[in-house]
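Chain and residue survey
Single-letter residue listing:
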Amino acid sequence: MNVYFHTFGCKANQYDTERVRQAFDASGATVVDDPALADLAVINSCTVTSESEVKLRRLVRHVAKSGHAQTIVMGCAAALDSGAIAALPSVRAVVANAEPETVLAAAGISYPLAATRRGGQGVRSRGLLKIQDGCDEHCTFCATTLARGNNRSRAVAELIEEALGLAQHHPEIVLTGVHIGTYGQDVQRGSGDPGRKPGDRESLGALLESLITAIPHVRFRLGSVEATEVDDTLARLLIEAPRNLAAHLHAPLQSGSDRVLKRMGRHWYTAESYRARIEWLAERLPVLGLGADVIAGFPGETDADHHASLTLLNALPFTYLHVFPFSVRPDAPAARLPGQLRPELIRERARELRELGETKATAYRASRVGQAADGVVTGRQQGRLELMTEDYLSVYLDTDQWDGRPRFEVTVN
Ligand code: SF4
């Protein structure tokens, strides 16, 4: 059977697709990169923006037109589907989770999954390690909690074993999940996997310490993590162990206005506590790749709120921004909040935020040109070698300058 895979959304989704791909591979299927050649398409869906669902529907229709493949849709949008995805042409099944067993069964394949390996081989030189799934928060713009359920942390021993396997092929391992800063909190409450004791000292910082001790030659990188969840252990590792933990934080801000943060249900930080944590860290790190997600035009956002975001974003040393114009997710409570803004106003605010992000990214890169960086090879593009630095910059070299090492010192160009 020829199978085509496509992933929408975040690194947690990329990780899930990779596990499913490995399960199909182990069952004897052939992975193809053209849907026209496929007997089956497996599409991992995302529900973060309305745009991601538009793209999903477009791809499903494209697959149906381009050949004879049937489609299985899995992931977050699939979990919330009330029939619209199932009704798309050639959809064989809508799988409300990302378990390889379920996707294989939906494809009519039964295969002993013990034979398959977990891991993120497909993501070039950066291995992905999903440390938890789900989230206990209920941000009013987010339907992810509904789609993925509560925080469930994986056991430390299992993660070390998987990371050891990834380290054989990947000089860098990225810790991913839905809300990784809450890693271990379910165990502390006694609601984690059986086999672990309530009260076990499990946290993201403690997990990273264990991973670094077990695999000291790999560079770990944190996926998206809340600024106020960077505890003292994580901060110490970022400052004292730059070879082991990349100097990079992607810390969702969403808004620089406390009033908007409250309406978003993001109760665990304020603009001030976010600023304090980032400033404290930035002062202690010689380089820091710093990114944030920001939502433009949340319902009820005033001009003053928008300017509070611009002011905070301008004040902090961001090196890039991911800006999301607010879009209504029917399953998320923000869809029913009063004060929905005009689409033109949302677009205008998003444009201003993006411009600021681009200005800051350009300035940061210019400040790094000519400096040394710890580069990890992530791929080749048009005969050139692509490397990623500790502070999340892409650097390109001619392949004839490469001696084959997967990680080496580069000069930012
Ligand atoms: S913290 Fe908020 S935005 Fe992030 S996954 Fe949880 S509910 Fe969604």
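One structure accompanies this document, and this report is about it. From a predicted model like this one, the values you see are computed outputs, not experimental measurements. (Residues numbered from 1 in each chain as written. Predicted model: local features only at pLDDT ≥ 70, side-chain atom pairs only at ≥ 80, totals over all residues. Heavy atoms only, no water.)

1. Re the packing of aromatic side chains
- On inspection of all chains with the given rule, the structure shows 5 aromatic pairs.
- Taking 6.1 Å as the distance between ring centres and 45° as the angle between the ring planes, the aromatic pair formed by Tyr269 and Tyr274 counts as tilted. Assigned by exposure class, Tyr269 and Tyr274 land together as buried.
- A ring pair is formed by Phe298 and Phe326, whose centres lie 5.4 Å apart and whose planes are at 75°; its orientation type is edge-to-face. Placement of the pair is Phe298 in the loop between strand S12 (289-296) and helix H12 (303-315) and Phe326 in the loop between strand S13 (320-325) and helix H13 (343-368), with a sequence separation of 28 residues.
- According to the relative accessible area criterion, Phe298 is buried, its value standing at 0%. (Phe/Tyr/Trp six-rings, centres within 6.5 Å; stacked < 30°, edge-to-face > 60°. Buried < 20%, exposed > 50% of the residue type's maximum accessible area, 1.4 Å probe, protein only. Helix = DSSP H or I, 4+ residues; strand = E, 2+ residues; numbered from the N terminus.)

2. Brief notes about the layout of surface pockets
- A volume near 390 Å³ is recorded for the second largest pocket.
- The wall of the second largest pocket is formed by 23 residues, among which Glu99, Lys130, Asp133, Arg148 and Arg152 lie closest to the centre.
- Contributions of two or more residues to the lining of the second largest pocket are made by helix H1 (11-26), helix H3 (76-79), strand S7 (132-133), helix H5 (144-148) and strand S8 (152-153).
- The dominant element in the lining of the second largest pocket, judged by the number of residues it contributes, is H1, at 4 residues. (1 Å grid on protein atoms, 1.4 Å probe; cavity = no way out; pocket = protein on both sides within 12 Å on 5 of 7 lines; lining within 4 Å. Points joined across faces, edges and corners; volume = space filled by probe spheres on them.)

3. Concerning the sheet that holds strand S11 (residues 248-250)
- Spatially, S11-S12-S13 is the arrangement adopted by the 3 strands of the open sheet, whose pairing is parallel. The sheet terminates laterally at S11 and S13, the two strands that pair on one side only. Across the sheet, the mean angle from the axis of one strand to that of its neighbour is 10°, orientation sign disregarded.
- In the sheet, S11 pairs with S12 via 3 bridges, with the strands oriented parallel. Note on S12: the bridge partner recorded for Leu249 is Leu290. (Pairing = 2+ DSSP bridges. Axes fitted to C-alpha atoms, helices over the stretch in contact; angles between N-to-C directions.)

4. Focus: the sheet that holds strand S15 (residues 384-388)
- A sheet is described by the order of its strands in space; here 4 strands give the open sequence S16-S15-S14-S17, paired in antiparallel fashion. Strands with a single pairing partner mark the edges of an open sheet, and in this sheet they are strand S16 (394-398) and strand S17 (407-411). Across the sheet, the axes of successive neighbouring strands diverge by a mean angle of 50°, strand direction being ignored.

5. Quick word on the pattern of salt bridges
- Per the counting criterion, the structure on display carries 33 salt bridges.
- The shortest N-O distance in the salt bridge between Arg126 and Glu172 comes to 3.0 Å. Of the two residues, Arg126 sits in strand S6 (residues 126-130) while Glu172 sits in strand S9 (residues 172-176), which places them 46 residues apart along the sequence. For the pair shown, Arg126 and Glu172 are each scored as buried. (Salt bridge = Lys/Arg side-chain N within 4 Å of Asp/Glu carboxyl O.)

6. A word on the site of the ligand
- Taken together, the neighbourhood of the ligand is formed by Cys135, Glu137, Cys139, Phe141, Cys142, Thr145, Val178, His179, Arg266 and Trp268.
- By residue class, the composition of the shell around the ligand is 6 nonpolar, 2 polar and 2 charged. (Near = heavy atom within 4 Å. Nonpolar A, V, L, I, M, F, W, Y, C, P; charged D, E, K, R; others polar.)

7. Examining the packing of H12 against H13
- In contact at an axis separation of 10 Å, H12 and H13 are set at 10° when each is read in the N-to-C sense. Compared by their axis directions, H12 and H13 come out roughly parallel. The segment H12 lies against H13, with Asp303, His306, Leu310, Leu313, Asn314 and Ala315 engaging Arg349, Glu352, Leu353, Leu356 and Lys360.
- Counted by class, the contact of H12 with H13 contains 5 nonpolar, 2 polar and 4 charged residues. (Parallel < 35°, antiparallel > 145°, perpendicular 65-115°, else oblique. Contact = heavy atoms within 4.5 Å.)

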